[in-house]
Each structure stands twice: as C-alpha cells, then as structure tokens.
Amino acid sequence: MNDFFKKYNTTLKSMSLILMIAIPFFLYQGAIQDSDFQINLFLGLMVANMLFILKKG
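Computed from a prediction, not measured in an experiment: that's the story for all the values here. (Residues numbered from 1 in each chain as written. Predicted model: local features only at pLDDT ≥ 70, side-chain atom pairs only at ≥ 80, totals over all residues. Heavy atoms only, no water.)

*Asks:* I'd love a proper account of helix H3 (residues 36-56), names of residues and values included.
*Replies:* Over its 21 residues, H3 extends 30 Å from the first C-alpha to the last, a length consistent with the 30 Å expected when each residue adds 1.5 Å. Within the sequence span of H3, burial applies to Phe42, Met46 and Asn49. One face of H3 carries all of its buried residues, which in axial projection span an arc of 65 degrees. Counted as exposed and oriented over 90 degrees from the buried face of H3: Asp36, Phe37, Asn40, Leu51, Leu54 and Lys55. Tucked into the core, H3 has its buried residues touching helix H2 (9-32). (Helix = DSSP H or I, 4+ residues; strand = E, 2+ residues; numbered from the N terminus. Expected span 1.5 Å × (residues − 1). Buried < 20%, exposed > 50% of the residue type's maximum accessible area, 1.4 Å probe, protein only. Arc of directions from axis to C-beta. Contact = heavy atoms within 4.5 Å.)

Take a look at the structure:
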C-alpha cells in the first residue's frame, strides 16, 4: 500500500483537494433535498478525505 501512495502521490493529492472543493456542494444539495442518507454519506466522505489529507498531506 505504501508503494501505491508513493507512486500516485501527486495524483491523490490533487484528487483529494478537488474533493474538498466539491463535497460541500453535494452536501448542500443533500440538505436541500432533506435526505439523511446523502447528508451522512457526504459528511463521512468529507471526514475521510480530511483525515487522508492530514495523514498523507
């Protein structure tokens, strides 16, 4: 797994930063639709993305 992170380090960083920009919009859309599943899903993805950035950033 470490080799994978070393090989695709810049790509993963770029994708995680793009997700940090995009996820709040999806979260907002889920809140507008009053969908508990979407809200929990995107909050979980946001937390996982933040932890990934803190760990590998």
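*Asks:* Which residues make up a nonpolar patch on the surface, and what values do they have?
*Replies:* A cluster of nonpolar residues, Met1, Phe4 and Tyr8, forms a patch on the protein surface that exposes about 350 Å² of accessible area. Mapped onto the elements of the fold, Phe4 is located in helix H1 (residues 2-7). (Patch = residues over 30% accessible without salt bridge, like charges linked within 9 Å, V, L, I, M, F, W, Y side chains within 5 Å. Areas by Shrake-Rupley, 256 points an atom, 1.4 Å probe, with all protein chains shown as cover. Salt bridge = Lys/Arg side-chain N within 4 Å of Asp/Glu carboxyl O.)

*Asks:* Provide a residue-level description of the side chain of Asn49, including the pertinent values.
*Replies:* Here Asn49 lies in helix H3. Filtering out sequence-adjacent residues up to four positions away, Asn49 remains in contact with Ser16, Leu19, Met20 and Ile23.

*Asks:* So what about the environment of Tyr28? Which residues, and what values?
*Replies:* Assignment of secondary structure puts Tyr28 in helix H2. We classify Tyr28 as exposed; its relative accessible area is 54%. Through-space distance from the C-alpha of Tyr28 to that of Lys7 is 34 Å; in sequence the pair is 21 residues apart.

*Asks:* Quick rundown of the packing of H2 against H3? Include the residues and the values.
*Replies:* Axis separation between H2 and H3 bottoms out at 9 Å; the angle between their running directions is 160 degrees. The angle between H2 and H3 places the two elements in the roughly antiparallel class. Where H2 crosses over H3, the two elements pack in a sense that is left-handed. The class makeup of the residues in the contact of H2 with H3 is 17 nonpolar, five polar and two charged. (Axes fitted to C-alpha atoms, helices over the stretch in contact; angles between N-to-C directions. Parallel < 35°, antiparallel > 145°, perpendicular 65-115°, else oblique. Left-handed = near helix turned anticlockwise from the far one by under 90°. Nonpolar A, V, L, I, M, F, W, Y, C, P; charged D, E, K, R; others polar.)

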